[in-house]
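# Commentary on secondary and tertiary structure
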Amino acid sequence: MDANNAFDSDLIHAIFKHIWARRFRERERSDAIDATDAEVALGTSKKNRLASANSNALKLSCELLKSFVSEAVQRAAIIAEAEGIDKIEASHLERILPQLLLDF
């Protein structure tokens, strides 16, 4: 993998941690409403722990995102070229997105 074209694994990890923390807070709020299912020792449940990722998972996630973005740009460029436009616009991405999501 070319280091110049790769996503920063620290950035991807920070994004993942942000999402995991938000989901954790949402679960805590829903658990506070439904306190009947609370465990005896707080924080011992697997559901109450923040998620983490090892370095191999982060590298794989970065490679997948790189592949996804590269494919999106290539497909949008084909659409733009077919329309005779030199610049990719949001409408080009909107047109390729449904099939791209199905392919990934």
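You'll find the structure just up there.
These remarks concern the structure in this document. Here the structure is a predicted model, which is why all the values come from computation and not from measurement. Sequence order as written defines residue numbering, which begins from 1 separately in each chain. Only residues with pLDDT of 70 or above have their local features reported here, since the model is predicted, and side-chain atom pairs are shown and tallied only from 80 upward, although totals for entire chains, interfaces and linings are computed over all residues. The side-chain values count all of the structure's non-hydrogen atoms but skip hydrogen atoms and water molecules.

## Overview of the packing of aromatic side chains
The geometry of an aromatic ring pair is captured by two quantities: the separation of the ring centres and the angle between the planes. Here is the rule we go by: Aromatic pairing here means that ring centres of Phe, Tyr or Trp (its six-membered ring) are within 6.5 Å. Orientation follows from the plane angle: under 30 degrees is stacked, over 60 is edge-to-face, and everything else is tilted. Numbering goes from the N terminus for both helices and strands, where a helix is a DSSP run of H or I of at least four residues and a strand is a run of E of at least two. Here's how the labels work: a residue is buried when its accessible area is under 20% of the maximum for its type, exposed when over 50%, partly exposed in between, all with a 1.4 Å probe on protein chains only.
Summed over all chains, the structure comprises 2 aromatic pairs. The interplanar angle of 40 degrees and the centroid separation of 5.7 Å between the aromatic rings of phenylalanine 16 and tryptophan 20 together place this pair among those described as tilted. Highlighted residues: phenylalanine 16 and tryptophan 20, both in helix H1 (residues 9–33), separated by 4 residues, approximately one helical turn. Under the relative-accessibility criterion, phenylalanine 16 is labelled partly exposed at 26%. Here phenylalanine 68 and phenylalanine 104 contribute two aromatic rings whose centre-to-centre distance is 5.0 Å and whose plane-to-plane angle is 80 degrees, an arrangement assigned as edge-to-face.

## Points about helix H2 (residues 55–82)
As a reminder of what qualifies: One fewer than the residue count of a helix, multiplied by 1.5 Å, yields its expected span. For this analysis, a polar contact is any N or O atom pair within 3.5 Å, provided that within protein one partner can donate a hydrogen and the other can accept it, and provided that sequence-adjacent residues contribute only side-chain to side-chain pairs.
Between its first and last C-alpha, H2 extends 41 Å over 28 residues, near the 40 Å set by a 1.5 Å rise per residue. Those residues of H2 not exposed but buried are Leu58, Ser61, Cys62, Ala72, Ala76 and Ala80. In this structure asparagine 54 caps H2, since a side-chain oxygen of it lies 3.2 Å from the backbone nitrogen of asparagine 56.

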